[in-house]
Amino acid sequence: MKTSDFLIEADKKLLYSYQQEDVDAIFKQFEHATDNYRLLYQLPTGGGKTVIFSEIARRFIQETGKKVLVLTHRIELCKQTSKMLKQFEVKNKVIDSDVKTLEEESEFECFVAMIETLNNRLQGEEFNITNLGLIIVDEAHFNSFRKLFSAFTHCKFLGVTATPLSSNIKLPMYQIYNELIVGKSIKSLIENKYLAVPETYCYDVGLSSLKIGINGDYTVKSSDELYTSDAMQHHLITAYENHCIDKKTLIFNNGIRTSKYVYEVFREKKYPIRHLDNTASSEERKEILKWFKHTPNAILTSVGILTTGFDEPTVQCVILNRATRSLTLYFQMIGRASRKLPNKDQFTIVDLGNNVARFGAWTDFVDWHYIFKYPEQFIHHIKSDVEIEEHFQYKMPEEVKLKFKNTKDLHFDIEKAYRVAIQKNQKPRVVIDASMEQHAAMCVDNATDLKEAKILARLLTDDIFYRVKLYTICLGNATKNYREWLIEEYITKLPVLIGKLYRQRIMDESDE
């Protein structure tokens, strides 16, 4: 933390100066606001939203003498919020499934509730919170909270979210909230050492087989089919071994089938991995998360369940083993590893779903005011997968090039080789064979033994995907299945070809 940024005391809890500035800005908006005024506040994951709205609850109770209700969408968030409020000396009660009435309502200044639980309780007249003045909505982009607003028209509302974009495009947030306040940007929080610095590695993935469902995102079925393929599993393992090995890693998937498949593949390679999805019992979830917390270099592959209500600052790497068209989900997944610790200044992002190409880098400027006012236009202009693939050009990373420093020219012109083959009336397949021979020679020329040569081949996965894509574009009428088959065949045959070339080199040297 920079020394000029002093902590400002708020009773027993400390706020950073930017957090206090945002609290003051929110109260200024509330000064002349009427009942039922709805204010939305945006701050990136890791910026301390729970700390901020806990201080707002404390100060609101102190200044107005009225009570506060905090709404969340998951029981884990209820418990975390209640704990934070207690640190601010706010006497609060969680309204869970065990709470049927509020006989002791006068003893508390603040209540924390899940939306569905509170909605069920409000159906009965015996359940009533008196002298309520402010409702705070955590993860406000979820539209499930909307159903309760009509029951509290005498209150002010504060929605809090990292992404002010509604989860339901038919219910835009500008119809729910009167105004938006935008907090510090991700870039600013990184520059001032509040968040860790990301290292991002993007992989070109062919997503033409994915289908978009009624919710606007890719369907689980089509995602499972793509991400359980041998080619994609090889891609994932290679990416992990190149960038995340020996780091505590979260792998996000779109389907349970994919996550379980990932678990089996990593377990077969003896990596410490567990799988978690929403079918796990609370006991299983607790045990798995405890294991993940206390296991060095642990890997946790999951589906959806860890995007909110999960805080494990020791995560060093996130792998997006899925594509998404949800900007909110994109930021939530990456945010799981962005927490900064005394011994953690950086974290790693591995993108296997063209998500960075679709939304921009995690640190890029985002005009949240525009997205809040014009969500339809924003969604309409999200890049299509065809557009992303057409403009993608693979560039071998410098650290990979260094591994092949004995090879003078690492480039292979697929398009030129294809034109030459056609002119010579050769079968197009000779292009792929020539590409494989060049890759094999690169590995052998830069290794001291056969084992090292085959290890080097793993670094060429991205180059293989890109070359095969260019080759199938040259063919013109190649199907998705053919492209996937060709990638798998290439990856399978390359080590064989490396072995053959290595042995030939040994024989040639012995003859000299």
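Structure's up top.
Within every chain, residues take consecutive numbers counted from 1 along the sequence as written. Local features in this predicted model are restricted to residues of pLDDT 70 or higher, and side-chain atom pairs are both shown and tallied only at a pLDDT of 80 or more, whereas totals for entire chains, interfaces and linings draw on every residue. In computing side-chain properties, one takes all heavy atoms of the structure into account and sets aside hydrogens as well as water.

**Q** What's the story with the state of the cysteines in this structure? I'm lost.
**A** Cysteine sulfurs are considered disulfide-paired once they come within 2.5 Å of each other. Here the structure, examined in full by the defined rule, presents one disulfide. A sulfur-sulfur distance of 2.2 Å marks the disulfide that ties C244 to C317. Note that C244 is positioned in the loop between α8 (230-243) and β11 (249-253) and C317 in strand β14 (residues 317-320), a separation of 73 residues in sequence. Pair check on accessibility: C244 and C317 agree, each one buried. You can see C202 has no disulfide; the closest cysteine sulfur is in C317, sitting 13 Å from it. We call a residue buried when its accessible area falls under 20% of the maximum for its residue type, exposed when it is over 50%, and partly exposed in between, using a 1.4 Å probe and counting protein chains only. On the basis of relative accessibility, which here comes to 40%, the residue C202 falls in the partly exposed class. A run of H or I in DSSP counts as a helix once it spans at least four residues, and a run of E counts as a strand once it spans at least two, with each numbered from the N terminus.

**Q** It is not clear to me how the pattern of salt bridges should be interpreted in this structure. Could you clarify?
**A** Definition used for salt bridges: Asp or Glu carboxyl oxygen within 4 Å of a side-chain nitrogen of Lys or Arg. Inspection of the entire model under this criterion finds 17 salt bridges. The residue R322 makes a salt bridge to D217 at a minimum N-O spacing of 3.5 Å. With a gap of 105 residues between them, R322 in the loop between β14 and α11 (327-335) and D217 in the loop between β10 (197-202) and α7 (220-227) connect regions that are remote in the sequence.

**Q** What is the right way to read the sheet that holds strand β15 (residues 346-351) from this model?
**A** Each strand in a sheet pairs with another by means of backbone hydrogen bonds, the pair being arranged parallel or else antiparallel. Reading across the sheet, the six strands line up as β10-β15-β14-β11-β13-β12 and stay open at both edges, with parallel pairing between neighbours. Two strands lie at the open edges of the sheet, namely β10 and β12 (273-276), each paired on one side alone. Strand after strand, the sheet turns through a mean of 20° between neighbouring axes, direction not considered. The pairing of β11 with strand β13 (residues 299-303) spans five bridges and is parallel. What sits directly across from L250, in β13, is L300. We call two residues in contact when some of their heavy atoms are within 4.5 Å. For every element, the axis is a line fit to its C-alpha atoms; helices are fit only across the contacting stretch, and the angle between N-to-C directions ranges from 0 to 180 degrees. Packed on one face of the sheet, helix α9 (residues 256-268) meets β11, β12 and β13 and runs near 170° to β12. Across the sheet, helix α10 (residues 282-294) touches β11, β12 and β13, and the angle it forms with β12 is around 145°. Strands are treated as partners if at least two bridges between them are detected by DSSP.

**Q** So what exactly am I meant to see when it comes to the side chain of T249 here?
**A** Among the secondary structure elements, T249 is positioned in strand β11. Pairing of N or O atoms within 3.5 Å defines a polar contact, subject to two protein rules: one partner must be a possible hydrogen donor and the other a possible acceptor, and residues neighboring in sequence count only if both atoms are side-chain atoms. Engagement of the side chain of T249 in a polar contact is seen with the backbone oxygen of K247, the distance being 2.9 Å. T249 has contacts with Y240, C244, F292, A298, I299, L300, C317 and I319, leaving out every residue within four places of it along the chain.

**Q** Explanation requested: the nonpolar core in the structure shown.
**A** What tends to happen in soluble globular proteins is that the nonpolar side chains get buried as a cluster. Only buried residues count toward a nonpolar core. Its members are Ala, Val, Leu, Ile, Met, Phe, Trp, Tyr and Cys residues joined through side-chain atoms within 4.5 Å. In terms of nonpolar packing, the biggest core is built from 97 residues, with L69, L158 and W362 touching the most fellow members. Sorting elements by how many residues they give to this core places helix α2 (residues 49-64) first, with seven residues. With 44 residues, the next largest nonpolar core counts L410, F465, I487 and I498 among its residues.

**Q** What's the story with the sheet that holds strand β6 (residues 110-114) in this structure? I'm lost.
**A** Pairing is parallel across the open sheet formed by seven strands, whose spatial order is β5-β6-β4-β7-β8-β3-β9. On the outer flanks of this sheet lie β5 (92-95) and β9 (179-182), each paired with one strand and no other. If you compare each strand with its neighbour and ignore which way they point, the axes differ by 20° on average. Pairing of strand β7 (residues 132-138) with strand β8 (residues 156-161) involves five bridges; the strand directions are parallel. Residue pairing in the sheet places D138 in a bridge with V160 of β8. In the packing of α2 onto the sheet, contacts are made with β3 (38-42), β4 (67-72), β6, β7 and β8, and the angle to β7 comes to roughly 180°.

Limitation: the analysis is restricted to geometry and does not speak to function.
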